[in-house]
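# Summary of structural features
Here's the letter readout for the chains.
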Number of protein chains: 2
Amino acid sequence: MHVLITGAAGFLGQRLTRTLLERGEVNGKVLTRLTLIDQVAPVPPSDDTVRLDCRAMDITRPGALDSLLGERPEAIYHLAAVVSAAAEADLDLGMTVNFDATRSLLEGCRAAGLAETRLIMASSVAVYGGELPDTLDDMTALTPQSSYGTQKAMCELLINDYSRRGLVDGCVLRLPTIVVRPGKPNAAASSFASSILREPLNGEAAVCPVPTDLDLFVMSPGRVIDALLHAATLPGEALAPYRSVMLPGLTVSVAAMLEVLREVGGEEALARVSHEPDPRIEAIVASWPARFETRRAERLGFAGDRDFHEIVRTFIAEQTAS
Amino acid sequence: MHVLITGAAGFLGQRLTRTLLERGEVNGKVLTRLTLIDQVAPVPPSDDTVRLDCRAMDITRPGALDSLLGERPEAIYHLAAVVSAAAEADLDLGMTVNFDATRSLLEGCRAAGLAETRLIMASSVAVYGGELPDTLDDMTALTPQSSYGTQKAMCELLINDYSRRGLVDGCVLRLPTIVVRPGKPNAAASSFASSILREPLNGEAAVCPVPTDLDLFVMSPGRVIDALLHAATLPGEALAPYRSVMLPGLTVSVAAMLEVLREVGGEEALARVSHEPDPRIEAIVASWPARFETRRAERLGFAGDRDFHEIVRTFIAEQTAS
Ligand SMILES: NC(=O)c1ccc[n+]([C@@H]2O[C@H](COP(=O)([O-])OP(=O)(O)OC[C@H]3O[C@@H](n4cnc5c(N)ncnc54)[C@H](O)[C@@H]3O)[C@@H](O)[C@H]2O)c1
Ligand SMILES: NC(=O)c1ccc[n+]([C@@H]2O[C@H](COP(=O)([O-])OP(=O)(O)OC[C@H]3O[C@@H](n4cnc5c(N)ncnc54)[C@H](O)[C@@H]3O)[C@@H](O)[C@H]2O)c1
């Protein structure tokens, strides 16, 4: 099995690479070859069981991926993207990286005749927006209120059409907000959702910029990676007629997250979180839907986290192990 | 008021041109200038009240529209498109005409600073497909099952994003099946819906290829033109946060259509319709949704036909007049 990952140097790309190499198989087939692509040179994992190919490459360069696609990877994880804030700040950059590069990838698959190749793209809750029902499902209209969400939604449509035409075998996963991310805070509006757990558990201060009654729709990094791997195993017919799936996240309020922090880390951990409302962040985060009916995803075999306790306990265990 | 129409030589473009010239105003402003663009040279209407500019032009040519956009039209009707069957037969043609040309038009508006220009695009029920609820509304997901529907849905997303960013003032109308079209049958799967009325009323034979209990979602050409004109009058805020609107069509069964034919044209007219099931046409037409909750469109002031009688009577009156 030859797997290609774009955006392999990113947060999910690195973790997916590690998990793929640990498991050594995809959909029951032995992993023999792994091609890692990113604008930032992916750090070659120390592994001698598979043929590794790490390339620093800008996938927006016309035909950038063509020769690699000619080698007929059997699964492609398309994770390269510029995130929400960057796509909003620079429309052209977002269109080029998030949309045009995905279209080129689809055209490359078409040209190489990769009808059987499972192409998995990470989409986002940002495809939703505006005036939404209380609880969403896979039949809720995509009315994005950001350029990032617009570009992801356009990619979803295109991947579905190319799949329907039998040019590739696509699958789109809409990812919940990923919590608890290891590492440092970043510029994402959702960064606080990891910070308010991670920093206090590590003895550091954190700021909560939103009201505690705000609900989030979250999933742990481990469950997201499980979902990416599971997506490689589903037959196309199971996904048709529409291959976009919202993953079964967990609806949790910031207050409930902080309560788990207190239970796990004690009062002193909780005391490290200060509350400094930031209306700009609140406006963005509050516009994300927090309740989804995800029976379809579950029927397809995607699993969410059991509860927020489990998410935090797993984060601590992984941090200790690494 | 300077109005630009792409696809002006087409069915709707010609009729829109005629109606615009008859009314002489758009949104309370005197029509002073009309620019007609089509691949097929638009026939210049005989009118000396406005400045007319008819151009044969392929809008897929890069920058084709740029100099015209530089003249700052205040309303743009973007009607140029290749229809469903053509887009399905040739993916590249559909992507280029239906999607890329719309994107270029948006980029042209952005470059010319046409933030205040109302851009009106005709979308279609073909943006819907797959496993749909019984009754759809503007919050039903677009899960198209054709490349034409995919391309229209992608244009909708892009027009919404460019409008949200204040680069243009967009509005997308999803048109029902237009019935009764004057003229000749064409290659569209929906062609029979006009034929089974038009031909018998004109003393000619027609074939009905679908079961008579099939429901259609229809609108008369006159009401569609009214809607296109009304779309030029709505403030952007009334359309936000999402500027795509399904027009209030009429749900009518083929049996009910034939019953109106009998009432208006008599038994001899009805007898001119023969029933020859065509599973290929039935499959396409039956996949189109026939029931919509269109309160939003009505609140915005879009009006549908009263009943199918009115549609047929208007068709006969217009045919007699022309
Ligand atoms: N992390 C989340 O919470 C989340 C939520 C929803 C969706 N997603 C999506 O999941 C995917 C991965 O997310 P992540 O958190 O790992 O993001 P990330 O920013 O850590 O990784 C994205 C990677 O893409 C690479 N990249 C960007 N432009 C490129 C180009 N032109 N050519 C080649 N590589 C390029 C970057 O260098 C980066 O390594 C993205 O598509 C993202 O939109 C993530
Ligand atoms: N008529 C319907 O039932 C219906 C229903 C839903 C949506 N629509 C949409 O309404 C619009 C108008 O429909 P219509 O029935 O008048 O279609 P039509 O086919 O009669 O007109 C379309 C026009 O676009 C022109 N065109 C195509 N490619 C072009 C190019 N590259 N450059 C310049 N011009 C080009 C054609 O020459 C044609 O005159 C289309 O966008 C169509 O998708 C129509």
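What this report covers is the structure whose coordinates are included nearby. (Residues numbered from 1 in each chain as written. Chains lettered and ligands numbered in written order. Predicted model: local features only at pLDDT ≥ 70, side-chain atom pairs only at ≥ 80, totals over all residues. Heavy atoms only, no water.)

## Let's talk about the site of ligand 1
Residue and element names in this part refer to chain A.
- Taken together, 25 residues lie near ligand 1, and L12, D38, D58, Y148 and K152 sit nearest.
- Between ligand 1 and M57, the relevant distance is 3.4 Å, taken from a nitrogen atom to a main-chain nitrogen or oxygen of the residue.
- Between ligand 1 and the protein, one listed contact pairs a nitrogen atom with a side-chain N or O atom of R181 at 3.2 Å.
- Across the complex, the protein chains shield 86% of the 820 Å² of accessible surface that ligand 1 would expose by itself.
- Sorting the residues of the shell around ligand 1 by element identifies α1 (11-23), β7 (118-124) and α5 (147-164) as the ones contributing at least two each.
- The element that contributes the greatest number of residues to the shell around ligand 1 is β7, accounting for three residues.
- Residue classes in the shell around ligand 1 are distributed as 15 nonpolar, six polar and four charged. (Near = heavy atom within 4 Å. Polar contact = N/O pair within 3.5 Å; in protein donor to acceptor, adjacent residues only side chain to side chain. Areas by Shrake-Rupley, 256 points an atom, 1.4 Å probe, with all protein chains shown as cover. Helix = DSSP H or I, 4+ residues; strand = E, 2+ residues; numbered from the N terminus. Nonpolar A, V, L, I, M, F, W, Y, C, P; charged D, E, K, R; others polar.)

## Details of unusual backbone geometry
Residue and element names in this part refer to chain A.
- With an omega of 0°, the peptide bond running from V179 to V180 counts as cis.
- Its place among the elements puts V180 in the loop between β9 (177-178) and α6 (191-201).
- A240 connects to P241 through a cis peptide bond whose omega is 0°.
- Of note in this structure, R72 is not a glycine but carries a positive phi near 55°.
- Of note, R72 is situated in the loop between α2 (66-69) and β6 (75-78).

## Re the nonpolar core
- In terms of nonpolar packing, the biggest core is built from 79 residues, with L65, L69, F99 and M154 of chain A together with L65, F99 and M154 of chain B touching the most fellow members.
- Contributions of two or more residues to this core are made by α2, α4 (91-112), β7 and α5 of chain A together with α2 (66-69), α4 (91-112), β7 (118-124) and α5 (147-164) of chain B.
- By residue number, the principal contributor to this core is α4 of chain A, which donates eight residues.
- Residues contacting L65 of chain A, with those up to four places away along its chain left out, are T6, I37, M57, I59 and L105 of chain A. (Core = buried A, V, L, I, M, F, W, Y, C linked by side-chain atoms within 4.5 Å. Buried < 20%, exposed > 50% of the residue type's maximum accessible area, 1.4 Å probe, protein only. Contact = heavy atoms within 4.5 Å.)

## Here's the deal with the site of ligand 2
Residue and element names in this part refer to chain B.
- Taken together, 25 residues sit near ligand 2, with L12, D38, D58, Y148 and K152 positioned nearest.
- F11 places a polar main-chain atom, nitrogen or oxygen, 2.9 Å from an oxygen atom of ligand 2.
- Between ligand 2 and the protein, one listed contact pairs an oxygen atom with a side-chain N or O atom of K152 at 2.8 Å.
- Only α1 (11-23), β7 and α5 provide two or more residues apiece to the shell around ligand 2.
- Top contributing element to the shell around ligand 2 by residue count: β7, with three residues.

## Some remarks on the sheet that holds strand β11 (residues 215-219) of chain B
All names here are of chain B.
- Spatial strand order, β9-β11-β13: three strands in an open sheet with mixed pairing. The sheet terminates laterally at β9 (177-178) and β13 (250-253), the two strands that pair on one side only.
- Pairing analysis gives two bridges linking β9 to β11, with the strands arranged parallel. Bridging across to β11, T177 finds its partner in V218. (Pairing = 2+ DSSP bridges.)

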